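A closer look at the structure
Now for the letters of each chain:
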Amino acid sequence: MRTLLSLLVALTAAVAGAQTPVGAGPPAAGAPSDPSPHSEARLVADVSRIAPGDAFDVALEVDVEEGWHIYWLNPGDSGQPVSIEWTLPESAQAGPLRFPPPNRYVDAGLVTYAHDGTPSFLTRIQVPADAAEAVRLEAAARWLICADVCLPARADLSLTIPVAAETRPTGALDAARAALPASADGWTASAAVADVGYVLTLDPPDGVSLEGATFYVDESGVLDHAAEQRFEQEGGAWVVRLMSSDYATGPAQELSGVLVAGETAVELAVPVSGAPAVASASGGEAAAFGFWGALAFAFLGGVVLNLMPCVFPILSIKILGFVRGREQSAAELRTHGLAFGAGVVLSFLALAGVLLALKATGDGAGWGFQLRYPAVVAGLAALMTVLALNLLGVFEIGQTAASVGGRLDRHEGLSGAFLSGVLAVIVASPCTAPFMAGALGFAVVQPAPVALAIFGALGVGMALPYVLLSFKPGWLERLPRPGRWMETLKQVLAFPLLATAVWLVWLFGSLLDVDAAALLLMALVTLGLAAWAWGRWSRPGLSRRGRLMGRTAGGLAAVAAVALVATAFAPEQEAWVDFDAAEVDALVDAGHPVFVDVTATWCLSCQVNKQTSLTSDAVREAFDAAGVTTVRADWTDQDPAITAFLDRFGRNGVPLYVFYPGGGAEPVLLPEVLTPGIVLDAIAAASPQTASR
């Protein structure tokens, strides 16, 4: 798979002149090599020793550089919250991460909730009753740090607390605990559904004013973060009207979060009373009418869904199929229309079943839930690309398609019509339409029969225009006769699908990272090669051998595309340390073998070598077996220390690969284009020096 990636990227590099010119500068936005840019993190415990069976607090303290910020539990309109993955001794338990109250940031209309300065995030650790000599905590902390740009940050931290007969507190976290929101003891609170959101009524203890207060909801997709919150006194209590989020899939059962009023901060968890209402401003009418209103709005949403950009091209092709099928009998047209409608409705019911099953497990799934899974997003991007290439005429679907039931024409046959309906629902999944939000928000909080009925109405609405067209073939007479215009329209309809594919690639990168998005883009290019090869050698008149060779090439390219996407999901297995010239010199002087990779984000050759050679299993195992310390020198921002290291070897560009065999041997410079074999040979040649240490 790595060899295939090397060939593909090397081919691209050859065409584009990919070798970075000597002296070429990096782009402005290079990724820093520091794993925690503009921030430093540490673990702090509130005890110096702990007794078996006791509990203590530990805090992740993050020093945030001035002008930067990191994100709260609910980051707001964008961002990523601070998170910790704990590795604890057996039977030890970690409680939830507790956040101090956030600050509210507004930028270009987007509202985010974040922290600056030195925030502390506390976790309660329960020590097992049979704890022995010490309790070791390991924390993989992750956060996003932002100013004008945003950078992912991480820190792998550890802390060891001795076990003793008695727990000894230190008071190190007294200030951090005092900064946490207090419980709402002495408060009276209620919440109810309103016309565009919720009404929250609060009666605080005497002397507490809520004028200018802010309620920070702790879950995204519940409230509109940018909407004004105006606390007003009504009948001795404080009342604030909160607007629902446009992305809400249903009314919240509880409003939970932090209320901040001056120096006062309290945690609230207020049940919401009232019948299900709006999931968004556009869906309010559906909720107001209850079940029948939701049913009607689902039906209307299904009709309008046909005009959404990711659905319209597919269904337009269905209409063109009707135009081509004018010669069919009326009975055949009606049967095909009903089969198409059945495919649409049953697919919506299947989606509803999966969604309800997820909701039953406590998963907060809503319409489009499948788009949170990177594998599904990648599959949809591939589907959109393949369909667009088909519409552009790169290849044809179904020229010789057959099934168990017999030969199927491209747009004819009951199986083909049914699968067209299924396909229409699949490509509809990234889209939503007016009227849908309120109806689906109502559906997901109802019993299963009601929810299935509403999803079924959505499918009926989407399928109805085409079923009617199949029953009224006379309407087709109003369309132009078949001709070249159909081919032109078909090709034009490919571009909305390509635009949807671009959005899905962006979403894929958001779910994983930019490298994953690049791999998906390369996979789509490879998929395009597969489609071209299939279409080029599947045309009538070619020999059987020619068709076989073409289709084999297309199949191999398709497999390569899948392999590229799979690479994006592969766990990172690198054990590289950041470059420090003094540390490298110290290791070399001590006789240790060291491999230095001088690289840059903007250097394509560097990235190819990294993916195909330096991170291969064989090379990694060889490094480990020989005890080689692997060092990565990231020259993306042209670090002066790395520039000086390049100067040692008479270089002023990257990549540069320097292998110090150990035992006082002279360093070996490897070529700019690597293969696993080149690296393995260098390690093997150094084995006598390594063994002599």
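Scroll up a little and you will see the structure.
Note that this is a predicted model, so its numbers are computed, not measured.

The rules behind these values
- Residues numbered from 1 in each chain as written.
- Predicted model: local features only at pLDDT ≥ 70, side-chain atom pairs only at ≥ 80, totals over all residues.
- Heavy atoms only, no water.
- Buried < 20%, exposed > 50% of the residue type's maximum accessible area, 1.4 Å probe, protein only.
- Helix = DSSP H or I, 4+ residues; strand = E, 2+ residues; numbered from the N terminus.
- Arc of directions from axis to C-beta.
- Axes fitted to C-alpha atoms, helices over the stretch in contact; angles between N-to-C directions.
- Parallel < 35°, antiparallel > 145°, perpendicular 65-115°, else oblique.
- Contact = heavy atoms within 4.5 Å.
- Nonpolar A, V, L, I, M, F, W, Y, C, P; charged D, E, K, R; others polar.
- Pairing = 2+ DSSP bridges.

As a further point, take helix α17 (residues 617-626). For an α-helix the count is 3.6 residues per turn, leaving residues at separations of three or four pointing the same way. For α17, every residue scored as buried is listed here: V619, R620, A622, F623 and A626. Buried residues in α17, looked at end-on, bunch into an arc of 160 degrees, giving them a common side. Across from the buried face of α17, at angles greater than 90 degrees, the exposed residues are E621, D624 and A625. Taken from the residues just after α17, G627 is the one with a positive phi, measuring 70 degrees.

What follows concerns the packing of α17 against helix α19 (residues 676-685). Two elements in contact, α17 and α19, have axes separated by 10 Å at closest approach and are oriented at 10 degrees. When the axis of α17 is compared with that of α19, the two are roughly parallel. Here A618, V619, A622, F623 and A626 of α17 come into contact with α19, specifically with P676, V679, L680 and I683. The residue inventory of the contact of α17 with α19, partitioned by class, reads nine nonpolar, no polar and no charged.

Before going further, it helps to examine the environment of F56. With respect to the element layout, F56 can be found in strand β3 (residues 55-64). Between the alpha carbons of F56 and I125 there is a distance of 5.4 Å; along the sequence they are 69 residues apart. Those residues within four positions of F56 in sequence are excluded, and the remaining contacts are A45, D46, V47, I50, T123, R124, I125, V127, L137 and I161.

Moving on, we get to unusual backbone geometry. In the Ramachandran plot, H38 falls in the positive-phi region, its phi being about 60 degrees despite a non-glycine side chain. Relative to the helices and strands, H38 resides in the loop between α1 (2-16) and β1 (39-45). For H38, a relative accessible area of 29% puts it in the partly exposed group. Of note in this structure, S91 is not a glycine but carries a positive phi near 75 degrees. In this structure, S91 sits in the loop between β5 (83-87) and β6 (93-94). With a relative accessible area of 52%, S91 lands in the exposed category.

Each strand in a sheet pairs with its neighbour through backbone hydrogen bonds, running either in the same direction (parallel) or in the opposite one (antiparallel). Taken in spatial order, the four strands line up as β1-β3-β9-β6 in an open sheet, and their pairing is antiparallel. Edge positions in the sheet fall to β1 and β6, since each of these pairs with one other strand and no more. Where β1 lies against β3, seven bridges are found, and the strand directions are antiparallel. Its bridge partner lying in β3, A41 is registered against V62.

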